[in-house]
Amino acid sequence: MSEPRILVLGAGPAGTAVALGLSRLGYRVRVVSDWRRFEAVEGVSQRALDGLHHAGLISALASAAAPSPRRVVWSGEDRVINQEYLIDRPRFDAALRQDLRTSGVEPIEARVRQVESNEHGHRVLLESGVTLEADFLVEARGRQAPLAGGRRRGPETLSLLLRWHQPAGPNTSAVESFKDGWSWMARMGDGRCYWQITLDAANAELPAKEYLANYCAWRRGRSALARELFGNGISETGELYARSSTAILFHEASGSNWLRVGDAAMAVDPLSGNGIFQSLSSALQAPAVINTMLRQPDRGQLARQFHQQRIDHLFLRFARTGRDFHALEQRWLEQPFWQARCRWPDAEPLHVAADFSQVHVVRASVIRDDTIAESEVVVTADQPLGIWHLQGIELAPLVRTLQAGARLEQVLGGIAAPQQDMLRHWLITQGYRQS
Ligand code: FAD
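With that settled, consider the pattern of salt bridges. Applying the stated criterion across every chain, the model contains 29 salt bridges. We note a salt bridge from Asp135 to Arg5, for which the minimum N-O separation is 3.1 Å. In this pair, Asp135 sits in the loop between strand 9 (131-134) and strand 10 (136-139) while Arg5 sits in the segment before strand 1 (6-9), placing the two residues 130 residues apart along the sequence. A relative accessible area of 15% places Asp135 in the buried class.

What follows is the structure, encoded as structure tokens:
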């Protein structure tokens, strides 16, 4: 293939990060995306911002609000446990498009109606009637990407968002649990207010669609925390937006000439507050995977396997993070909402205790020189996919020498002092003790 025609569907954080990564590798990429059709605010942690920085999404990064306190009222306790950065999604999405333009990719603003694919390529029909052709497709349309089921689904979950305006005040956000779900609320500096309740989709109390906004306003009014955050006189009902927030793992993350990234590959429960971070995580590895599939087809299978393993791993990690957070709510363990979510996806611990005797070296796929290659990596209980480098130092030779009985000083000899400290620290956290 001379110059492969690559088309990315969707310009959320995942699609944009992939497009930028591929441009950096010298590919000509087209991105087609619809604008987000509703106004929402989301909260992210510092590591999501680090991910944006890492992906080169500089305008998107700059669009995040300054950190604000996050109050958590959970299991009867009321705490300010961390800070969160509020993201005004329409502004953030516009900044993502700006990042595309800065890197020389002019996004095509259009809605995709239909995609026809076979092993030779793809025909993408837009609602405008225009047809785009591509050799390689990146599916990044988020939760709106066609799913055809999904390999693994969490309990069916619905999030209802109310949006209204109040006089300006400081940025702030809070989370609160209820007997049948939980809510997240945020107040932006300019007076925009958001209150979102997440419930089981089968919640028997949910009224017909036309009464949902009033129902949510009624629930919001019953919350002492909402009254405190927004003031007692919340007069407006607000505009309602309903979305599914079920955790979903799509059945396959790639085909011979396509790749899924972000929420289109796996979408997590919003409770973990990690959606943007996880969508970036899967997107950051994608350019090397695609580069390998296009330029080194003999390693295409390896690259696809690499992508799939990481998608599966991320999905389980975030699903377990969500499970553990749900499980912190102890008052309503017998209620259907909590019962289902405290047990899903499984009973495996999120973190496994370190045990150096279980640390071992295997051959696995890694990203080397912007392609997927095989190398020796160190597998630990907590890192089943293996670690290749730690700050530029290959771990496999070091672990193998130690396991053969060498002394630590001997193994670390010749390595600069700050890196020695970092390696020593890593070994101790893996349960290594010098006899
Ligand atoms: P998206 O950001 O969804 O981007 C997909 C893009 O594709 C959009 O621009 C869309 O317009 C476009 N598109 C879709 N269909 C078409 C089509 N047919 N044609 C053309 N374009 C199309 N994450 C957080 O980090 N913090 C939170 O607080 C948070 N809260 C959430 C609350 C709820 C209720 C839900 C459901 C999710 C929440 N998330 C949160 C998750 C977060 O929104 C997503 O994980 C993240 O945006 C996924 O990025 P993405 O690039 O994969 O997809």
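Now that the structure has been shown, we can carry on.
Moving on, we come to the sheet that holds strand 8 (residues 121-126). Pairing in this open sheet of 3 strands is antiparallel, and the strands run 7-8-9 from one edge to the other. Strands at the two margins of the open sheet, each flanked by one partner only, are strand 7 (112-118) and strand 9. Across the sheet, the mean angle separating the axes of adjacent strands is 15° when strand polarity is ignored. Looking at chain direction, strand 8 and strand 9 are connected through 4 bridges and run antiparallel. Note that in strand 9 the partner of Leu125 across the bridge is Thr131.

Here we come to the side chain of Arg219. Looking at the secondary structure, you find Arg219 in helix 5 (residues 212-222). Once residues within four sequence positions are removed from consideration, Arg219 is found in contact with Phe178, Asp180, Trp195, Ile197, Leu199 and Glu205.

The immediate surroundings of the ligand are formed by 33 residues, with Glu42, Gly43, Arg89, Val112 and Asp263 found nearest. One of the side-chain N or O atoms of Arg89 is found 2.7 Å from an oxygen atom in the ligand. Between the ligand and the protein, one listed contact pairs an oxygen atom with a backbone N or O atom of Gly275 at 3.2 Å. Protein contacts shield 94% of the accessible area of the ligand, which totals 990 Å² for the unbound molecule.

For the rest of this paragraph, the subject is the nonpolar core. In terms of nonpolar packing, the biggest core is built from 58 residues, with Ile6, Leu57, Met266 and Ile290 touching the most fellow members. Here this core gets 10 residues from one element, more than from any other, and that element is helix 7 (residues 275-295). With near-sequence residues (within four places) excluded, Met266 lies in contact with Ile248, Leu249, Gln278, Ile311, Leu314, Phe315 and Phe318. One finds Val73, Leu160, Trp195 and Ile197 within the second-largest nonpolar core, a separate group that totals 22 residues.

Calculation rules
Residues numbered from 1 in each chain as written. Predicted model: local features only at pLDDT ≥ 70, side-chain atom pairs only at ≥ 80, totals over all residues. Heavy atoms only, no water. Salt bridge = Lys/Arg side-chain N within 4 Å of Asp/Glu carboxyl O. Helix = DSSP H or I, 4+ residues; strand = E, 2+ residues; numbered from the N terminus. Buried < 20%, exposed > 50% of the residue type's maximum accessible area, 1.4 Å probe, protein only. Pairing = 2+ DSSP bridges. Axes fitted to C-alpha atoms, helices over the stretch in contact; angles between N-to-C directions. Contact = heavy atoms within 4.5 Å. Near = heavy atom within 4 Å. Polar contact = N/O pair within 3.5 Å; in protein donor to acceptor, adjacent residues only side chain to side chain. Areas by Shrake-Rupley, 256 points an atom, 1.4 Å probe, with all protein chains shown as cover. Core = buried A, V, L, I, M, F, W, Y, C linked by side-chain atoms within 4.5 Å.

These values are about where atoms sit, not about what they do.
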